[in-house]
Amino acid sequence: MPHKQRILHVTYYRNPQILTTDNKEAEIKVRENVPYITSKNTSDTNQDYTNYEYQDVSTTFKITPRSTSRTIVRLDIFTE
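Computed from a predicted model, the values in this text were never measured in an experiment.

This part takes up the overall build of the protein. A count of helical and extended segments in the protein gives zero helices and three strands. In the protein, the succession of helices and strands from N to C terminus is β-β-β. When each of the 80 residues of the protein is scored for burial, the buried share is 8%. By sequence separation, contacts in the protein at least 24 residues apart represent 34% of the contacts at least 6 residues apart. Total accessible area on the protein is roughly 7,800 Å²; 49% of this is exposed by carbon and sulfur atoms.

Right, dumping it as structure tokens:
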């Protein structure tokens, strides 16, 4: 490696689970607090300053299983 790099962003994975029965809707929401840059400035001494605002971002996942036979399950899936 010619030079070292700092890691600025780390992604981690969640393992959400939902449980439901035939013809019953189940819902799960996954939320995350995400930083947004609101302003960037450079001082007279050439130091960079960045201001952030954090906002909640969410994903909604709804699922309804429908059993049509002993071996077939149809899933109604809604995401938002």
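Looking now at the sheet that holds strand S3 (residues 73–79). What the three strands build is an open sheet, ordered S1-S2-S3; its pairing is antiparallel. Edge positions in the sheet fall to strand S1 (26–42) and S3, since each of these pairs with one other strand and no more. Recorded for the sheet is a direction-independent mean angle of 20 degrees between the axes of neighbouring strands. Pairing analysis gives seven bridges linking strand S2 (residues 48–67) to S3, with the strands arranged antiparallel. When the bridges of S3 are listed, Lys-62 appears paired with Phe-78.

Calculation criteria
- Residues numbered from 1 in each chain as written.
- Predicted model: local features only at pLDDT ≥ 70, side-chain atom pairs only at ≥ 80, totals over all residues.
- Heavy atoms only, no water.
- Helix = DSSP H or I, 4+ residues; strand = E, 2+ residues; numbered from the N terminus.
- Buried < 20%, exposed > 50% of the residue type's maximum accessible area, 1.4 Å probe, protein only.
- Contact = heavy atoms within 4.5 Å.
- Areas by Shrake-Rupley, 256 points an atom, 1.4 Å probe, with all protein chains shown as cover.
- Pairing = 2+ DSSP bridges.
- Axes fitted to C-alpha atoms, helices over the stretch in contact; angles between N-to-C directions.

By themselves, these figures tell us nothing about what the structure is for.
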